[in-house]
Amino acid sequence: MGGENDGMMARRGVMGVLAGAAVLGGCGILGDEKSYRFRMTIEVETPQGLKTGSGVYEISARKLIALTSEEHEGSAGARGEATVVDLAGGPLFVLLKNNDAGQPLHARVTAALAPGAPLNPIASYVATVGDLGGMFASAKAELPREDWPLMVRFRDIDDPKSVEKVDPEAIGVKRIVVETTGDEVTTGIEKRLGWLRDRGHLLDSDSGPTIHPTFAQTIEHSAFWQGPTK
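Residues numbered from 1 in each chain as written. Predicted model: local features only at pLDDT ≥ 70, side-chain atom pairs only at ≥ 80, totals over all residues. Heavy atoms only, no water.

Visitor: Please explain the packing of helix 2 (residues 105-113) against helix 3 (residues 122-132) as it appears in this structure.
Guide: Packed helices, taken two at a time, are described by their axes: the angle between them and the distance between them. At a closest axis distance of 11 Å, the pairing of helix 2 and helix 3 adopts a crossing angle of 65 degrees. The element helix 2 and its partner helix 3 pack so that their crossing is left-handed. Here His-106, Ala-107, Thr-110 and Leu-113 of helix 2 lie close against helix 3, whose contacting residues are Tyr-125, Thr-128 and Leu-132. Of the residues assigned to the contact of helix 2 with helix 3, the class counts are four nonpolar, three polar and no charged. (Axes fitted to C-alpha atoms, helices over the stretch in contact; angles between N-to-C directions. Helix = DSSP H or I, 4+ residues; strand = E, 2+ residues; numbered from the N terminus. Left-handed = near helix turned anticlockwise from the far one by under 90°. Contact = heavy atoms within 4.5 Å. Nonpolar A, V, L, I, M, F, W, Y, C, P; charged D, E, K, R; others polar.)

Below, the structure is given as structure tokens:
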């Protein structure tokens, strides 16, 4: 396992990858594609004791043979859904969205699971993803606090506009652990959030453009679910 310098280098490497790779998109001819699955477990200290929730995601990356200089070199992304932790005050949803505008979840997890591994250019990132998805691969890490995803809850779970941002420390989130796995990707979140069946919209899409959006107007359904249409 690498130290702090390895982690910093890995993050810089991932940023370089994302500069040349279109997330979940791209043109050209497919050159190489790799994937791996990981389980993310959230631990929360509560007055009732330790509560946990976990979900399985799949990360994929592909190298493209660009036909022109304007085409992307490759793409990378994650498939899965928000992880849920059932708490006394209502379920906590850990989203596929970050608290900041930095690198996406798939990049942060890959950097944590493969510290010091070559992640730039995109061909190296694809190779790292392939190594993590190997038959005998086994990696486990604690996701750094600065890389934790956005966490939310609802005043009324049947009303997406009632979404509220959660301060992890305020509700006792202790740590987030990620580890490679061969388990199937988690599904079924639409059973909790019936309104999520209407894919591809903001949680509050009734209002027109505004320079002062509500929190619900900044969150898309894709923060709760990403993957093939069911």
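Structure's up, so let's keep going.
Visitor: Explain the environment of Leu-150 here, please?
Guide: With respect to the helices, strands and loops of the structure, Leu-150 is situated in strand 8 (residues 149-154). By relative accessible area, Leu-150 is classed as buried at 4%. Between the C-alpha atoms of Leu-150 and Ala-223, which are 73 residues apart in sequence, the distance is 9.0 Å. Aside from chain neighbours lying at most four places away, what touches Leu-150 is Phe-93, Val-94, Leu-95, Lys-97, Asn-98, Asn-99, Lys-165, Phe-215 and Ile-219. (Buried < 20%, exposed > 50% of the residue type's maximum accessible area, 1.4 Å probe, protein only.)

Visitor: What is the right way to look at the nonpolar core in this model?
Guide: The nonpolar side chains of a soluble globular protein tend to be buried, and buried together. The biggest cluster of nonpolar side chains holds 38 residues, and the ones touching the most others in it are Phe-38, Leu-92, Val-109, Leu-113 and Tyr-125. Mapped by element, the contributors of at least two residues to this core are strand 2 (29-46), strand 3 (49-65), strand 4 (74-81), strand 6 (92-98), helix 2, helix 3 and strand 10 (173-181). Ranked by residue count, the leading element in this core is helix 2, at six residues. Core analysis: the next-biggest nonpolar cluster, separate from the first, contains 18 residues, Val-163, Ile-219, Ala-223 and Trp-225 among them. (Core = buried A, V, L, I, M, F, W, Y, C linked by side-chain atoms within 4.5 Å.)

Visitor: What is the right way to read the sheet that holds strand 6 from this model?
Guide: The pairing of strands in a sheet comes from backbone hydrogen bonds and takes either a parallel or an antiparallel form. On the basis of which strands lie adjacent, the open sheet formed by four strands has the order 5-6-8-9 and antiparallel pairing. Edge strands, defined here as strands with exactly one partner in the open sheet, are strand 5 (83-85) and strand 9 (163-165). For this sheet, the mean inter-axis angle between neighbouring strands, taken without regard to orientation, is 35 degrees. Of the pairings in the sheet, the one linking strand 6 to strand 8 comprises three bridges and is antiparallel in character. Note that in strand 8 the partner of Val-94 across the bridge is Met-151. (Pairing = 2+ DSSP bridges.)

Visitor: Would you take a moment to explain the pairing of strand 8 for this structure?
Guide: Residues in a regular strand project their side chains so that they alternate between the two faces of the sheet. Buried residues dominate strand 8, accounting for six of its six residues. As paired elements, strand 8 and strand 9 share three bridges and run antiparallel to each other. In the sheet register, Arg-153 faces strand 9, and the bridge partner there is Glu-164.

Visitor: Could you clarify how one ought to interpret helix 2 in this entry?
Guide: It helps to recall that an α-helix has 3.6 residues per turn; residues three or four apart then point in one direction. Counting buried positions along helix 2 yields nine of nine residues, so the element is predominantly enclosed. Among the residues of helix 2, those classed as buried are Leu-105, His-106, Ala-107, Arg-108, Val-109, Thr-110, Ala-111, Ala-112 and Leu-113.

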